[in-house]
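Coordinate inspection notes
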Amino acid sequence: EPEVTQTPSHQVTQMGQEVILRCVPISNHLYFYWYRQILGQKVEFLVSFYNNEISEKSEIFDDQFSVERPDGSNFTLKIRSTKLEDSAMYFCASGASGITDTQYFGPGTRLTVL
Amino acid sequence: GQSLEQPSEVTAVEGAIVQINCTYQTSGFYGLSWYQQHDGGAPTFLSYNALDGLEETGRFSSFLSRSDSYGYLLLQELQMKDSASYFCAVRGNTPLVFGKGTRLSVIA
């Protein structure tokens, strides 16, 4: 069964550093998403991406964040100048339809900012 | 804005049936989804309701009443492995918004 993969599983970085989180969505999906989940809290939407551009983004997704689909398979989230409060689990998800929102989540990257 | 309400915790006995309710407020509505998340794991899609009524998938069923802005997830023949957090999520005029989750504990 196809699945979403994410690397690395755990990223530790110093405050102020840049990190890139990587995702490989399910191959025939067209809609891609990033979410974050601070420990013990609910999942929060960051951004959606369709047709090589951002389709929606939340208030959390400020100028510190950017997404890219550098090739036909990878989908990346870049966080510039990380802050302590960026520490969270970051999930990538993909879906075949943007409306029905049957989204398939990757295993997540745990980001720890020291 | 959008908001969802669901109980924070539910405990049920192995083999029993449990219902997890979700009420929502949203501007625009496309559908209500349910996700399961085990500790340390990723959310896993369970069901999606766009229209009123009951959707059944094996031991899990999900119900939606659009007029009441209400839905529920029904888990039958509970197993220990069903112990997890269950999130309802609504799609309105903004992207998917998750509830805070219901932690289900299945006891012997």
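Details of the structure are given in the entry above.
The paragraphs below set out a description of the structure included in this document. (Residues numbered from 1 in each chain as written. Chains lettered and ligands numbered in written order. Predicted model: local features only at pLDDT ≥ 70, side-chain atom pairs only at ≥ 80, totals over all residues. Heavy atoms only, no water.)

This paragraph deals with the overall build of chain A. Assigned secondary structure in chain A consists of zero helices and 11 strands. If you list the helices and strands of chain A from N to C, you get β-β-β-β-β-β-β-β-β-β-β. When the backbone C-alpha atoms are referred to their principal axes, chain A occupies close to 35 × 30 × 30 Å. Within chain A, the fraction of its 114 residues that count as buried is 44%. Nonlocal contacts in chain A, meaning residues at least 24 apart in sequence, comprise 54% of its contacts between residues at least 6 apart. Surface summary for chain A: the accessible area is close to 5,800 Å², and the carbon and sulfur share equals 48%. Computed over 9 positive and 14 negative side-chain charges, the inter-centroid distance for chain A is 4 Å. (Helix = DSSP H or I, 4+ residues; strand = E, 2+ residues; numbered from the N terminus. Buried < 20%, exposed > 50% of the residue type's maximum accessible area, 1.4 Å probe, protein only. Contact = heavy atoms within 4.5 Å. Areas by Shrake-Rupley, 256 points an atom, 1.4 Å probe, with all protein chains shown as cover. Lys, Arg positive; Asp, Glu negative; His and termini not counted. Charge placed at Lys NZ, Arg CZ, Asp CG, Glu CD.)

Let's shift gears to the packing of aromatic side chains. Going through the model one piece at a time under the given rule, you end up with 20 aromatic pairs over all chains. Both rings, one in B:Y24 and one in B:F29, keep their centres 4.9 Å apart while their planes meet at 10 degrees; by these two values the pair is stacked. Ring centres 5.4 Å apart and planes at 50 degrees place the aromatic pair B:Y35 and B:F98 in the tilted group. Placement of the pair is B:Y35 in strand 4 (residues 31-37) and B:F98 in strand 10 (residues 97-98), with a sequence separation of 63 residues. A relative accessible area of 0% means that B:Y35 is categorised as buried. For B:F98, a relative accessible area of 1% translates into the label buried. Each residue in the set A:Y33, A:Y35, A:F45, A:F91, A:Y104, A:F105, B:Y35, B:F45, B:F87 and B:F98 is aromatic and connected to the rest through ring pairs, giving one cluster. (Phe/Tyr/Trp six-rings, centres within 6.5 Å; stacked < 30°, edge-to-face > 60°.)

Residue and element names in this part refer to chain A. Within strand 5 (residues 44-50), five of the seven residues are buried, which leaves the element mostly enclosed by the surrounding structure. Two strands pair when backbone bridges link them, and strand 4 (residues 31-37) and strand 5 are joined in this way by six bridges, in the antiparallel orientation. In the strand pairing of strand 5, Y33 is matched with S48. Hairpin remark: strand 4 followed by strand 5, antiparallel, with six residues in the connecting loop; positive phi at G40, about 80 degrees. Of the strand pairs in this sheet, strand 5 and strand 6 (residues 53-57) are connected by four bridges, and their pairing is antiparallel. Its bridge partner being in strand 6, V47 is matched across the sheet by K57. What sits between strand 5 and strand 6 in their antiparallel hairpin is a turn of two residues, with N51 showing a positive phi close to 55 degrees. (Pairing = 2+ DSSP bridges.)

Attention now goes to the sheet that holds strand 1 (residues 3-5) of chain B. Residue and element names in this part refer to chain B. The strand order across the open sheet formed by five strands is 1-3-8-7-6, and the pairing between neighbours is antiparallel. A single partner strand is all that each edge strand has here, and the edge strands are strand 1 and strand 6 (53-57). When strand polarity is set aside, the average angle formed by the axes of neighbouring strands in this sheet is 20 degrees. In this sheet, strand 8 (residues 70-75) lies alongside strand 3 (residues 18-25) in antiparallel orientation, the contact comprising six bridges. (Axes fitted to C-alpha atoms, helices over the stretch in contact; angles between N-to-C directions.)

The next thing to look at is the interface of chain B and chain A. Listed per partner, the contact involves 18 residues of chain B and 16 residues of chain A. Buried area between chain B and chain A, summed over both chains or domains, comes out near 1,500 Å², and the portion from carbon and sulfur atoms is 61%. Its largest share of buried area at the contact with chain A, chain B owes to B:R91, B:P95 and B:F98, together 30% of the area lost on that side. Across the contact surface, chain B and chain A share one salt bridge. A salt bridge links B:R91 to A:E56; its shortest N-O distance comes to 3.2 Å. In this structure, the connection of chain B to chain A is made through three residue pairs in polar contact (both at pLDDT 80 or more). Contributions of two or more residues to the side of chain B that touches chain A are made by strand 4, strand 5 (44-49) and strand 9 (84-91) of chain B. (Buried area = accessible area lost by both parts, 1.4 Å probe. Salt bridge = Lys/Arg side-chain N within 4 Å of Asp/Glu carboxyl O. Polar contact = N/O pair within 3.5 Å; in protein donor to acceptor, adjacent residues only side chain to side chain.)

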